[in-house]
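# Breakdown of the fold
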Amino acid sequence: MSTSVDLGLDTFGDMTITEDGTAESYPQVLRNVVAQAVLADQVGVDAFGVGEHHRRDFAVSAPDVVLAGIATRTERIRLGSAVTVLSSDDPIRVFERFATIDALSGGRAEVTLGRGSFVESFPLFGFDLAQYEDLFAEKLDLFSALLAEGPVTWQGRLRPPLTDQHVYPKTTDGLRVWIAVGGSPESVVRAAEYRIPLMLAIIGGPAQRFAPYVELYRNAGEQLGNPPLPIGVHSPGHIADTDEQARDQLREHWTASRNKIGSERGWPPAQRGDFEREIEEGALYVGAPETVAQKIAATVRSLGIDRFDLKYSNGQLPHGYSMRAIELYGTEVIPRVRELLT
């Protein structure tokens, strides 16, 4: 267990409503994300992640552009993606963009690479969904070759080879990288093989069921001769002044978002009590600061992780509620988690 755990926040730039029920525009949601990041920086949050989606219910399709804007408005917070869909992007362009953010932010950039839980980017950018696994595997291989920031000679099957090719700009101290995993043992082992820190996306059920993946990653790393590498967890939640207020603010937005995605994936609608069960026993970190801090600390202890990111954006939850949640996370939850862990 780490007592120096980093505590971050993630958002997908969900399309939100105002507190009177009026739908926000895409430009306003993007400006709100920047304001949320600025507040997170001010209240002491360690990291801020912006996810990538290409569908109507999310405003952020270019997280690197949003992060570049945030970089010029913040001073200390680390800035990353949550996640970058590497399968439908170009590894060289991803590296170039995040190396640029690293320069603009004074070395605060990090990128989380994943295959993505949504697949809209594949037809949008002309990729064959049948190559879902092959695309990620090959592009991760190329991206990992770029991290040394020297001349790259590389060959794959899906793109032309490179011979002694430099990629610019260079960074000052290297680029921080994570691999996001949703529950595949093969993906866990692959992260260890590339010596890249592991970010576990735990969005349903108890966090403790991911303990075998933590053990697998560490055992694989030891067998490969890796130094100890960080492990993080990303999970959804919401914070308000009281437990009842947090639940009341989130319930309808969580349920609507869960049912919308579920209808696309063949899940049955959420049943009465599902929301409360996910808070009491599952992956929802919802409540007053003390409640959320206790649950985060329990997850850190049980999995022995080095990083916890709370996905604070939840469906149409209004911007004002998110701003209060960010304030409470930085000023009350983070100090309390660290107190509990020591």
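See the structure above.
Conventions we followed
Residues numbered from 1 in each chain as written. Predicted model: local features only at pLDDT ≥ 70, side-chain atom pairs only at ≥ 80, totals over all residues. Heavy atoms only, no water. Helix = DSSP H or I, 4+ residues; strand = E, 2+ residues; numbered from the N terminus. Buried < 20%, exposed > 50% of the residue type's maximum accessible area, 1.4 Å probe, protein only. Contact = heavy atoms within 4.5 Å. Areas by Shrake-Rupley, 256 points an atom, 1.4 Å probe, with all protein chains shown as cover. Lys, Arg positive; Asp, Glu negative; His and termini not counted. Charge placed at Lys NZ, Arg CZ, Asp CG, Glu CD. Phe/Tyr/Trp six-rings, centres within 6.5 Å; stacked < 30°, edge-to-face > 60°. Lys NZ or Arg CZ within 6 Å of the ring centre and 35° of its normal. Axes fitted to C-alpha atoms, helices over the stretch in contact; angles between N-to-C directions. Left-handed = near helix turned anticlockwise from the far one by under 90°. Nonpolar A, V, L, I, M, F, W, Y, C, P; charged D, E, K, R; others polar. Core = buried A, V, L, I, M, F, W, Y, C linked by side-chain atoms within 4.5 Å.

## Structural notes on the overall build of the protein
Helix and strand counts for the protein come out as eleven helices and twelve strands. In terms of its C-alpha atoms, the protein occupies a principal-axis envelope of roughly 60 × 45 × 45 Å. A buried classification covers 54% of the 342 residues belonging to the protein. In the protein, the proportion of contacts linking residues at least 24 apart, taken out of those at least 6 apart, comes to 73%. Entry remark: accessible area of the protein is about 14,800 Å², with carbon and sulfur atoms responsible for 51%. Averaging the positions of the 33 positive and the 47 negative side-chain charges in the protein gives two centres separated by 1 Å.

## Here's the deal with the packing of aromatic side chains
Throughout the structure, instances matching the rule amount to eight aromatic pairs. Look at F12 and F58: their rings are 5.9 Å apart centre to centre, the planes differ by 75 degrees, and that puts the pair in the edge-to-face class. In this pair, F12 is assigned in the loop between β1 (6-11) and α1 (26-42) and F58 in the loop between β2 (47-50) and α2 (63-71), connecting sequence segments 46 residues apart. Each member of the pair F12 and F58 is classed as buried. Members of the aromatic cluster, joined through ring pairs, are F12, F58 and F118. One residue, K295, lies across the ring of Y285, its end atom 4.9 Å from the ring centre.

## Digging into the packing of helix α6 (residues 185-193) against helix α7 (residues 211-224)
The N-to-C vectors of α6 and α7 enclose an angle of 35 degrees; their axes lie 9 Å apart at closest approach. In the crossing of α6 with α7, the sense of the turn from one axis to the other is right-handed. In this structure, α6 uses P185, V188, V189, A191, A192 and E193 to contact α7, whose residues at the interface are Y213, L216, Y217, A220, G221 and L224. Considering only residue class, the contact of α6 with α7 consists of ten nonpolar, one polar and one charged.

## Brief notes about the nonpolar core
The biggest cluster of nonpolar side chains holds 80 residues, and the ones touching the most others in it are F48, L200, I296 and Y329. Sort the elements by how many residues they give to this core and helix α11 (residues 319-341) lands first, with nine residues. In this structure, I296 is in contact with L7, Y285, F308, Y329, V333 and V337, ignoring residues within four places of it in sequence. Counting nine residues, the second largest nonpolar core, distinct from the first, contains L250, A270, I279 and L284.

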